[in-house]
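# Inside the fold
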Amino acid sequence: MDGSISDAHHVFNEMPKKNTSSWNTVLSAYAKQGRIDAAFHVFEEMPEPDAVSWTAMIVGYNQIGCVENAVKMFLEMISYRVLPTQFTLTSVLASCATMEALDIGRKVHSFVVKLGISSYVSVANSLLNMYAKSGDPNTAKLVFDRMKLKSTTTWNALISLYMQSAKPDLALAQFKQMTERDLVSWNSMIAGYKQRGFDLQALEIFSKMLKDTSLKPDNFTLTSVLSACASLEKLNLGKQIHAHIIRTGFDTSGPVGNALISMYSKSGGIGIAQTILEHCVTSNLNVVAFTALLDGYIKLGDIKPARQIFDSLGNHDVVSWTAMIVGYMQNGLNDDAIKLFRSMVREGPKPNVYTLAAILSVCSSVASLDHGKQIHSKAVRSGEASSVSVSNALITMYAKAGSIDGARHVFNLIQVNKDTVSWTSMIIALAQHGLGDEAIELFEKMLESGLKPDHITYVSVLSACTHIGLVEQGRGYYKLMKDSHGIEPTPSHYACMIDLFGRAGLLQEAQDFIENMPIEPDVIAWGSLLASCKVHKNVELAKVAAEKLLQIEPDNSGAYSALANVYSACGKWEEAAKIRKSMKDKMVKKEQGFSWVRIKDEVHVFGVEDALHPQRDAIYQMIAKIWKEIKKMGFIPNTESVLHDLDEEVKEQILRHHSEKLAIAFGLLKTPENTTLRIMKNLRVCNDCHSAIKFISKLVGREIIVRDTTRFHHFRNGLCSCHDYW
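Residues numbered from 1 in each chain as written. Predicted model: local features only at pLDDT ≥ 70, side-chain atom pairs only at ≥ 80, totals over all residues. Heavy atoms only, no water.

A few words on the layout of surface pockets. Volume-wise, the second largest pocket comes out at about 450 Å³. Lining the second largest pocket are 17 residues, and of these Asp370, Arg598, Thr671, Thr676 and Arg678 lie nearest its centre. Those elements giving two or more residues to the lining of the second largest pocket turn out to be helix H23 (369-382), strand E1 (594-599) and strand E3 (677-681). Of the residues that constitute the lining of the second largest pocket, the class distribution is seven nonpolar, four polar and six charged. (1 Å grid on protein atoms, 1.4 Å probe; cavity = no way out; pocket = protein on both sides within 12 Å on 5 of 7 lines; lining within 4 Å. Points joined across faces, edges and corners; volume = space filled by probe spheres on them. Helix = DSSP H or I, 4+ residues; strand = E, 2+ residues; numbered from the N terminus. Nonpolar A, V, L, I, M, F, W, Y, C, P; charged D, E, K, R; others polar.)

In structure tokens form, the structure reads like this:
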């Protein structure tokens, strides 16, 4: 073909006399073949280009996707006062539709009117398409209504317009009025319903198409209906569609194969998805299918095959990297997630906001401030730190890593785009760090800003009230949530209110609240009451709460332990021993208390009386020295915290070797002076440790941050941020 054009051009050059028609023949030949530079060279040499010449160039630019050049060519054509033809106008209207260039499209419309060709079906269809795709549905409908002759393409354009404008009911009304429907008509309805989340309706239209017509589904039809099956997790229906694909011999190497893998992965047929994958070319697997397959394995808790698929992909894009990182995160494989992120930074694409938010969530889980700061720096350098989703993730990361100042700094940098998540994240952070007054003040500012709080925001503000004992304010917010914002309480809100009353010693009110709840109290509700009974030494109510809790969860070790501890705290040693024996007889294992500290990327874990750490002797010597010094400062061991009937001397030795104290001793040995020490604990910090750490912070002149199951404690100069209310 290339040779014939060159030959034709050679003959053209030898012609003694050339007319416009011969020029256009050569120009059009180059343009149709996509050799637009050669076509433009011919166009430039033409003595007098006519409408056909200009139109050939516009069509040529459109064919190779250079729609902006096509529009520029049209505007230049008008400036030379060359009158466009019907074909010119339909071509440039297609360019405007692609560019969504409404202003230029309107100018083209004015030429259509001047030329008196508005009634031409092809021109009217092009106008309708342009207005629909450029965001002017009203004018599009006006064009449609004025058309005397309407083709199937006309009706299809209007159906697509209504679907894009989120008006599926109008699209269906137009669809029903059609006397003739082609495959595009059906696809417009099916894809439109699917894209708008009406998956069931999409499947119903597909079923009607197969039943009422002889049309055969194409790639677009099948990918849409398989996607609908995936969303609804309709495995059996998906299998029926798969059977139809096999019977009709449809090619499954491309989009349809990907749609099948996604459908099976999301609908519980991960084994079949894997089989399809094994029979197709892995390089054809798209990100959507990979992500679905990955999610399927994640649901099964089997991450290894997902990683194998990830490694087999030829070109990893940012979505597949992010999907793999999220997979590790959701399976608790935080170290693997961090390693993969580092590999992505070295050899993969630039992380996007979703990647950064995911890896920041990992840092939050492991409370790794150093890793989090490194990722924050990367986000700043890449310009992604200004993204609200990344900023929100940074707030949570800093808060969970113990840096409330870092969280505040990020929150304050979000100038105008603070969303509900931003405010809620910061309120949660302040509440967890014992800054309840500041959390409540921020909540009030959120209300003043006009942003509506959601159910999580209310959990955070009720939690803030709980941590500082603001019972009346908590009641007020609970009422505001229901009456002003129309948010129905969830079990989390109920648990907050029970905790609020219980911590404040209003145990009867807490019990009354539980009994009047419109839903059945869960483990958390009774557990909150039981914890309060332990603090306030209410044996009778503790027995009720423990009994109710064990009816729901017979093997809940926390209920046995809490009840035994209540008995012990009240000096009822025989009753406590009976509970512990019952635990042993029923083989209910008590959750062990652990504390850990991260030193130079290595986590060191300690238990009570820990004898396994390689530096045990140095740690025990350090804690013995600290114990001696803080007792001189006025510290009195709270032997009531040892809930066993033992001699006072033995009790004191057990207290001295509590896990958080050992972790602090090790941290003091291994970190520079004047630096903040961060300790994590899997249970609530005990009264004795809380008191001791206040003295230790004053002794060593360092801030010690302890994160337990309920909050952060910032110990500084002999005081704690919780003001001894936790």
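Our focus in this paragraph is unusual backbone geometry. Trans peptide bonds make up the majority, and among non-glycine residues the majority have a negative phi. In the Ramachandran plot, Lys537 falls in the positive-phi region, its phi being about 55° despite a non-glycine side chain. Turning to its location among the elements, Lys537 is positioned in the loop between helix H32 (523-536) and helix H33 (539-552). For Asn717, which is not glycine, the phi dihedral falls at a positive 55°.

A few words on the environment of Tyr297. The topology assignment puts Tyr297 in helix H18 (residues 287-299). Assessed through its relative accessible area of 8%, Tyr297 is described here as buried. Linking Tyr297 and Lys266, residues 31 residues apart in sequence, is a C-alpha distance of 9.7 Å. Beyond its immediate chain neighbours, meaning those up to four positions away, Tyr297 contacts Ile270, Gln274, Asp302, Pro305, Ala306 and Ile309. (Buried < 20%, exposed > 50% of the residue type's maximum accessible area, 1.4 Å probe, protein only. Contact = heavy atoms within 4.5 Å.)

The subject of this paragraph is the sheet that holds strand E4 (residues 704-707). Strand order in the open sheet formed by six strands is E2-E1-E3-E4-E5-E6, with mixed pairing between adjacent strands. Both edges of this open sheet fall to strand E2 (602-607) and strand E6 (719-720), since each of them pairs with a single strand only. The pairing of E1 with E3 spans two bridges and is antiparallel. Of the residues in E3, the one forming a bridge with Trp596 is Met680. (Pairing = 2+ DSSP bridges.)

Glancing now at helix H35 (residues 573-585). Across its 13 residues, H35 extends 18 Å between first and last C-alpha, which sits within 8% of the 18 Å expected from 1.5 Å per residue. For H35, the complete set of buried residues consists of Ala576, Ile579 and Met583. Down the axis of H35, the smallest arc covering the buried residues is 60°, so these residues share one side. Along H35, exposed side chains directed more than 90 degrees from the buried face belong to Glu574, Lys578, Lys581, Lys584 and Asp585. Positioned one or two residues after H35, Met587 has a phi angle of 55°, which is positive. (Expected span 1.5 Å × (residues − 1). Arc of directions from axis to C-beta.)

Bringing a nonpolar patch on the surface into the picture now. The grouping of Phe594, Val603 and Val605 at the surface amounts to a nonpolar patch, some 230 Å² of accessible area in total. Mapped onto the secondary structure, Val605 falls in strand E2. (Patch = residues over 30% accessible without salt bridge, like charges linked within 9 Å, V, L, I, M, F, W, Y side chains within 5 Å. Areas by Shrake-Rupley, 256 points an atom, 1.4 Å probe, with all protein chains shown as cover. Salt bridge = Lys/Arg side-chain N within 4 Å of Asp/Glu carboxyl O.)

Counting 185 residues, the largest nonpolar core has Met324, Met426 and Leu529 as the members making the most contacts within it. Other than its neighbours up to four places away in sequence, Met426 contacts Ile395, Ile404, Ala407, Arg408, Phe411 and Leu442. Within the second largest apolar cluster, 32 residues are counted, among which are Ile623, Ile626, Leu655 and Phe715. (Core = buried A, V, L, I, M, F, W, Y, C linked by side-chain atoms within 4.5 Å.)

The next thing to look at is the pattern of salt bridges. With the rule as written, the count across this model stands at 20 salt bridges. In this structure, the salt-bridge partner of Glu652 is Lys631, at a minimum N-O distance of 2.7 Å. Taken as a pair, Glu652 in helix H37 (residues 648-656) and Lys631 in helix H36 (residues 616-632) lie far apart in primary sequence, 21 residues in all. Via salt bridges that share partners, Asp405, Arg408 and Glu438 belong to a single interconnected network.

Moving on to the packing of aromatic side chains. Scanning the model with the defined rule gives 17 aromatic pairs in all. Ring geometry for Phe310 against Trp321: centres 5.2 Å apart, planes inclined by 80°, an arrangement best described as edge-to-face. Of this pair, Phe310 sits in helix H19 (residues 304-312) while Trp321 sits in helix H20 (residues 318-330), and the two are 11 residues apart along the sequence. Its relative accessible area of 2% is what places Phe310 among the buried residues. Take Trp321: its relative accessible area is 5%, and that puts it in the buried class. Aromatic rings pair up to connect Phe40, Phe43, Trp54 and Tyr80 into one cluster. Over the face of the ring belonging to Phe111 we find Lys114, whose NZ or CZ atom lies 5.4 Å from the ring centre. Across from the ring centre of Phe411, 4.8 Å away, lies the NZ or CZ of Lys418, which sits over that ring. (Phe/Tyr/Trp six-rings, centres within 6.5 Å; stacked < 30°, edge-to-face > 60°. Lys NZ or Arg CZ within 6 Å of the ring centre and 35° of its normal.)

Another point: the confidence of the model for the protein. For the protein, mean pLDDT is 87; residues scoring 70 or higher make up 97% of the total. Across the protein, element-level confidence peaks in helix H12 (residues 183-195) with a mean pLDDT of 95 and bottoms out in helix H1 (residues 2-14) with 69. (pLDDT = per-residue confidence, 0-100.)

The next subject is the pairing of E3. Burial runs high along E3: four of the five residues are buried. Once the chain exits E3 it traverses helix H39 (residues 687-700) before rejoining the sheet at E4, and the crossover so formed is right-handed. (Right-handed = clockwise from strand over helix to strand, strands pointing away.)

A separate point is helix H7 (residues 102-115). In this model H7 runs 20 Å from its N-terminal to its C-terminal C-alpha over 14 residues, within 8% of the 20 Å that 1.5 Å per residue would give. Restricting attention to buried positions, one finds in H7 the residues Leu102, Ile104, Gly105, Val108, His109, Phe111 and Val112. Down the axis of H7, the buried set is contained in an arc of 160°. They therefore lie on one face. In H7, the exposed residues that point more than 90 degrees away from the buried face are Asp103, Lys107, Val113 and Lys114. Check the buried side of H7 and you find it contacts helix H5 (67-79), helix H6 (86-99), helix H8 (121-133) and helix H9 (137-146).

Right, let's get into the packing of helix H14 (residues 219-232) against helix H15 (residues 235-247). Axis separation between H14 and H15 bottoms out at 9 Å; the angle between their running directions is 155°. As judged from the angle between their axes, H14 and H15 are roughly antiparallel. The two elements H14 and H15 cross, and the hand of that crossing is left-handed. Facing Leu222, Val225, Leu226 and Cys229 of H14, the residues of H15 in contact are Leu237, Gly238, Ile241 and Ile245. Residues belonging to the contact of H14 with H15 are distributed by class as follows: seven nonpolar, one polar and no charged. (Axes fitted to C-alpha atoms, helices over the stretch in contact; angles between N-to-C directions. Parallel < 35°, antiparallel > 145°, perpendicular 65-115°, else oblique. Left-handed = near helix turned anticlockwise from the far one by under 90°.)

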